[in-house]
Amino acid sequence: MNRRQKELFYFFLFRVCALTVAGFLVILVGYILINGIGAINWAFLTEYPRKNNTAGGIFPAILGTLYLMALVTLIAVPLGVFTAVYVTEYQRDSWWKSLLRIVIHNLAGVPSIVYGLLGLGLFVFALGMGFGLVASALTLSLLVLPLIITASREALHAVPQSLREASFALGATKWQTVRHHVLPYAMPGVLTGIILSVSRAAGETAPILLTGVVYTMVGPPRLDAFMALPYHLFTIATQTANAPQQVQYGTALVLLIMVVGINLGAITMRNRYREKYKW
Amino acid sequence: MTSRIVFQQEMEELNEEVTQMANLAREAIVDAVECIVERDCSRRPEVERLDREIYRLEQVIEKRCLDVIALHTPVASDLRTVSTCLKIITDLNRIGRYASDIVEVYDHLDSFSDFRNDVNISYMGELVVAMVADATRSFTDRDAELARELFERDDEVDRLYEVNFRTVLTYMMEDPRRITVGTNWILVSRYLERIADHSCNIGERVVYMVTAERMDPKDRKHKNGHLPKATEAQPPQGGYATHDLEDK
Amino acid sequence: MVEMTTKISIKDLNVRFDNNHALKNVSIDIPEKEITAIIGPSGCGKSTFIRCINRMNDIIPNCRVEGKVIVDGKDLYDRDMDVVEVRRRIGMVFQKPNPFPKSIHENVAFAPRLHGMEDGVDEKGRAKHRKISKGELDSLVEWSIRRAALWDEVQDRMKKSAYELSGGQQQRLCIARALAVKPEIVLFDEPCSALDPIATAKIEDLLVDLKKDYTVVIVTHNMQQAARVADRTAYFYLGELIEFGDTEQMFEKPAQKLTEQYITGRMG
């Protein structure tokens, strides 16, 4: 095969791969969309489940997932971002940094069920929080912390040292430099990490399984009992008899839309930051 | 800064050209003095040719100096060398002119026989030729000591000029028919004395080129030549020279 | 040039990076309200030296500085010296223009807003500061940009991003930014090396204008620039100060042979 033919061949190969991946995505979304769209109506979204989750709405599950996402954002984002800031801007010892890098990489690879067990043992029992939103949110936060820290570190590293030096040379302290320059310029990268993390947290089942999610509720989520979309989907698809297929797909569709919706919102915010600090 | 190699080549060629010009000037003087003393002016056209060549060289060298300054921005020793070249070519050109002026006078010096000053002119001529040769050598060898010695020798030439002047004056007063010859004889003495002065100028520039010392105008005597300033180097003014690396 | 008040007196400055002894026993007195140039081949320690003056080397982790840098009678490396105040009084302009990716106005306004206006002294004799008003800030920004010879070119686009300016304009913006906090000394680390000849000429003119009010120290690898602009020149080689003197003197007859070798290009 001559050079030109090889070029064409590989290009064709890559294109096939890309189309396959895109194809899967389209099939996934399309399948869910087609099968689930029929179930979506106002009642579905705002009512409580009835008849053992086979009828009624999924309102508490939606709310529960939203609450979880909010709590995880509140806990993991400051924790993760400030850790990243500390490591990048303040900590100069190399042994500390290497240790942290290893720890974070390993944490990222821990299976989510293990996090669930950790949450159970540490938050629910050892710290006496009991089952519920707080323990679940904390467990999910631990899960996504490595993601946030890594993304934030990369973003902070990408800010050129010359900008920091310019700020120092004007008499700014390290914190003033971070607050007015480094962090704002790194925002796009940091926000990307946050988006990914919160989406991930919204979709996890195993950690919340062991720390507090409940099968069904007739009222709104409480501190000690809540529903969540991923778990709800799992139960009506596998544990519930007679759950209409349309309802199952409908639930999946709602989850999908929620995650995509929040992603889009955060991406818009990120783009706004990019425009503001073009460099 | 343009290429170092090109710059070095330019400086070498500059050196060669100035040396060549100086040699021509010396040759011209040797021929001119011989003409007067031996009364054999067969070399007159040669002297005139040399004078023209010297003039041409002055133009060529001046252009080269300005090119070096514009293109290579020389500093420190290089700058002093270039500025010295620029100035001594003027002196060398004058020496060439005087040589040519001396052979012109020859036509008017027919009745020598009873003139007793030939001895002095011959001796004066020897001194002046040696001074021109040594001025040239001090430039090519970068020898500041040799350059400084020129000033004392100039005193001797000045003295001889004074003597010649008085003698010829007396001679002319004795017999008015000798005035033409006598005046021309004084002119020749004067030319030789001026050539010695120009050699001293060259020496002064060479001292500057090598040591960066400039002559103190206060010490410049008008009639009897110049005295150089003290030989120890002046400390730089205003800033301070720091520790010598050798001291460590 | 006989009359000379010393603004910065440096004594026995030694700087080490791990095992690399970058600056060796440097002692020099930098005169007030003059331009002092630091020249020397690459790696001779010029940048390291100038960064010691405003303690920018403190940022580098494995850098050890010994010696004294005395300004107005106080050693900048003293224990109770506030490094933030040091850097406010001694400004720096870097080799590659590094304006903040914000508006032109904001670039210059950042530092004065941070420090505030001087408002008397506290019981320890240190300056106190109060918040700067918007009007004061705007006029300070305009003053700084005018002083940096940039006002005519940017006055109608103060809210635009600084990155839209040309390289030379960005560098002048960085100068304006440094001037806005009213320093006494301004340090320039090869400010023109990234600029074209016309931009360079504008900045050189600006430097000569600045020396009326500020003490200027400029590191440059361009000897002609030092010759054009500086009153005094210091030559560094392999971490040591070889010679320091009047620029005219140094370029006509340097006292040290090493200096002569460098400036006539016969080194290496």
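Residues numbered from 1 in each chain as written. Chains lettered and ligands numbered in written order. Predicted model: local features only at pLDDT ≥ 70, side-chain atom pairs only at ≥ 80, totals over all residues. Heavy atoms only, no water.

A. The overall build of chain B, seen in detail. Along its length, chain B carries six helices and one strand. Taken across its 248 residues, chain B has 49% of its residues classed as buried. Here the contacts in chain B between residues at least 6 apart in sequence split such that 81% fall between residues at least 24 apart. Split by element, the accessible area of chain B, about 12600 Å² in all, is 51% carbon and sulfur. (Helix = DSSP H or I, 4+ residues; strand = E, 2+ residues; numbered from the N terminus. Buried < 20%, exposed > 50% of the residue type's maximum accessible area, 1.4 Å probe, protein only. Contact = heavy atoms within 4.5 Å. Areas by Shrake-Rupley, 256 points an atom, 1.4 Å probe, with all protein chains shown as cover.)

B. Highlighting the state of the cysteines. Going through the model one piece at a time under the given rule, you end up with one disulfide over all chains. Residue pairing for B:Cys35: its cysteine sulfur links by disulfide to B:Cys41, the two sulfurs lying 1.8 Å apart. Note on the B:Cys35 and B:Cys41 pair: the S-S dihedral is about -80 degrees, so by sign convention the disulfide is left-handed. Free cysteine: B:Cys65, not disulfide-bonded; nearest cysteine sulfur from B:Cys85 at 5.2 Å. For B:Cys65, a relative accessible area of 0% translates into the label buried. Just so you know, C:Cys174 is unpaired, no disulfide at all, and the nearest cysteine sulfur is the one on C:Cys192, 12 Å from it. Judged by its relative accessible area of 3%, C:Cys174 is buried. (Disulfide = S-S within 2.5 Å.)

C. Inspection of the packing of aromatic side chains at higher detail. Residue and element names in this part refer to chain A. Going through the model one piece at a time under the given rule, you end up with 15 aromatic pairs over all chains. With a centroid separation of 5.4 Å and 70 degrees between ring planes, the pair formed by Tyr 185 and Tyr 277 is classed as edge-to-face. Of this pair, Tyr 185 sits in helix α8 (residues 174-203) while Tyr 277 sits in the segment after α11 (245-276), and the two are 92 residues apart along the sequence. A relative accessible area of 3% places Tyr 185 in the buried class. Between the aromatic rings of Tyr 231 and Phe 234, the centroid separation amounts to 6.2 Å while the plane-to-plane angle is 40 degrees, which identifies the pairing as tilted. Of this pair, Tyr 231 and Phe 234 both sit in helix α10 (residues 229-238), three residues apart, which is roughly one turn of the helix. Each residue in the set Phe 9, Tyr 10 and Phe 14 is aromatic and connected to the rest through ring pairs, giving one cluster. (Phe/Tyr/Trp six-rings, centres within 6.5 Å; stacked < 30°, edge-to-face > 60°.)

D. Representation of the interface of chain A and chain C. Listed per partner, the contact involves 21 residues of chain A and 22 residues of chain C. A combined buried area of about 1900 Å² lies between chain A and chain C, and 68% of that area is made up of carbon and sulfur atoms. Of all residues in chain A, A:Glu165, A:Ala169 and A:Leu170 bury the most surface against chain C, accounting for 32% of the area lost on that side. Taken together, the links from chain A to chain C amount to one salt bridge. Close ionic contact of A:Glu165 with C:Arg51 constitutes a salt bridge, the shortest N to O distance being 3.1 Å. Across the contact surface, chain A and chain C share four residue pairs in polar contact (both at pLDDT 80 or more). Contributing elements (two or more residues each) for the side of chain A that touches chain C: α7 (161-169) and α8 of chain A. Counting residues per element, the side of chain A that touches chain C draws most heavily on α7(A), which supplies eight residues. (Buried area = accessible area lost by both parts, 1.4 Å probe. Salt bridge = Lys/Arg side-chain N within 4 Å of Asp/Glu carboxyl O. Polar contact = N/O pair within 3.5 Å; in protein donor to acceptor, adjacent residues only side chain to side chain.)

E. Layout of unusual backbone geometry. All names here are of chain C. Backbone geometry at Asp 72 places phi at a positive 50 degrees, although glycine is not the residue there. As for its position among the elements, Asp 72 is in the loop between β4 (63-71) and β5 (74-75). The backbone phi angle of Leu 238 is positive, close to 50 degrees, even though this residue is not glycine. By relative accessible area, Leu 238 is classed as exposed at 54%.

F. Expanded view of the environment of C:Gly67. All names here are of chain C. Examined against the element boundaries, Gly 67 turns out to sit in strand β4. With 199 residues separating them in the primary sequence, Gly 67 and Arg 266 have C-alpha atoms 33 Å apart. Discounting chain neighbours no more than four positions away, the residues touching Gly 67 are Lys 11, Asp 12, Leu 13, Asp 75 and Tyr 77.

G. Local environment of the nonpolar core. The biggest cluster of nonpolar side chains holds 63 residues, and the ones touching the most others in it are A:Leu68 and A:Leu229. Counting only elements with at least two residues in this core, the list comes to α3 (59-90), α4 (94-109), α6 (133-158), α7, α8, α10 and α11 of chain A together with α3 (104-115) of chain C. When sequence neighbours within four positions are dropped, the list of residues in contact with A:Leu68 reads A:Leu133, A:Ser136, A:Ala137, A:Leu140, A:Ile208, A:Phe226 and A:Ala228. Of all hydrophobic cores here, the second largest spans 62 residues; its members include B:Met11, B:Leu24, B:Tyr98 and B:Val188. (Core = buried A, V, L, I, M, F, W, Y, C linked by side-chain atoms within 4.5 Å.)

H. Region of interest: the pattern of salt bridges. Residue and element names in this part refer to chain C. Across all of its chains, the model carries 44 salt bridges over all chains by this definition. For the salt bridge of Asp 72 with Arg 89, the shortest nitrogen-to-oxygen distance reads 3.2 Å. Here Asp 72 is found in the loop between β4 and β5, whereas its partner Arg 89 is found in helix α2 (residues 83-89), with 17 residues between them in sequence. Given a relative accessible area of 46%, Asp 72 falls into the partly exposed group.

I. Expanded view of the side chain of C:Thr247. All names here are of chain C. Along the chain, the position of Thr 247 falls in helix α9 (residues 247-252). The exposure class of Thr 247 is buried, given its relative accessible area of 5%. Among the polar contacts made by the side chain of Thr 247, one reaches the main-chain carbonyl oxygen of Asp 231 at a distance of 3.0 Å. Every residue in contact with Thr 247, bar those within four places of it in the chain, is listed here: Ala 226, Ala 227, Ala 230, Asp 231, Arg 232 and Thr 233.

J. Local environment of the sheet that holds strand β1 (residues 6-17) of chain C. Residue and element names in this part refer to chain C. Here four strands make up an open sheet; going across it, the order is β2-β1-β4-β5 and the pairing antiparallel. The sheet terminates laterally at β2 (20-31) and β5, the two strands that pair on one side only. Pairing of β1 with β2 involves eight bridges; the strand directions are antiparallel. Bridge pairing links Arg 16 to His 21 in β2. Here helix α1 (residues 46-53) sits on the sheet in contact with β1, β2 and β4, set at roughly 120 degrees to β1. (Pairing = 2+ DSSP bridges. Axes fitted to C-alpha atoms, helices over the stretch in contact; angles between N-to-C directions.)

K. Focus on the layout of surface pockets. Residues and elements named next belong to chain C. Here the largest pocket defines a volume of roughly 850 Å³. The wall of the largest pocket is formed by 32 residues, among which Glu 85, Arg 88, Glu 118, Ala 127 and His 129 lie closest to the centre. Among the elements of the structure, β5, α2, α3, β7 (117-121), β8 (127-130) and α4 (134-147) are those that each provide at least two residues to the lining of the largest pocket. No other element matches α2, which puts five residues into the lining of the largest pocket. Looking at the lining of the largest pocket, its residues break down into eleven nonpolar, seven polar and 14 charged. (1 Å grid on protein atoms, 1.4 Å probe; cavity = no way out; pocket = protein on both sides within 12 Å on 5 of 7 lines; lining within 4 Å. Points joined across faces, edges and corners; volume = space filled by probe spheres on them. Nonpolar A, V, L, I, M, F, W, Y, C, P; charged D, E, K, R; others polar.)

L. Representation of the side chain of B:Glu17 within the structure. Tracing the sequence through the fold places B:Glu17 in helix α1 (residues 4-38). Excluding residues within four positions of it along the chain, B:Glu17 makes contact with B:Leu57, B:Val60, B:Ile61 and B:Arg64.

M. Molecular detail of α7(A). All names here are of chain A. Among the nine residues in α7, seven count as buried, and that is most of the element. Along α7, the residues classified as buried are Leu 163, Arg 164, Glu 165, Ala 166, Ser 167, Phe 168 and Ala 169. Gly 171 occupies a position one or two residues after α7 and carries a positive phi of about 95 degrees.

N. Structural context of helix α1 (residues 3-36) of chain A. All names here are of chain A. The first and last C-alpha atoms of α1 sit 49 Å apart over 34 residues, in line with the 50 Å expected at 1.5 Å per residue. Buried within α1 are the following residues: Gly 30, Ile 32 and Gly 36. At its buried positions, α1 is contacted by α11. Two to three positions downstream of the cap, the backbone nitrogen of Arg 4 sits 3.1 Å from a side-chain oxygen, assigning the N-cap of α1 to Asn 2. (Expected span 1.5 Å × (residues − 1).)

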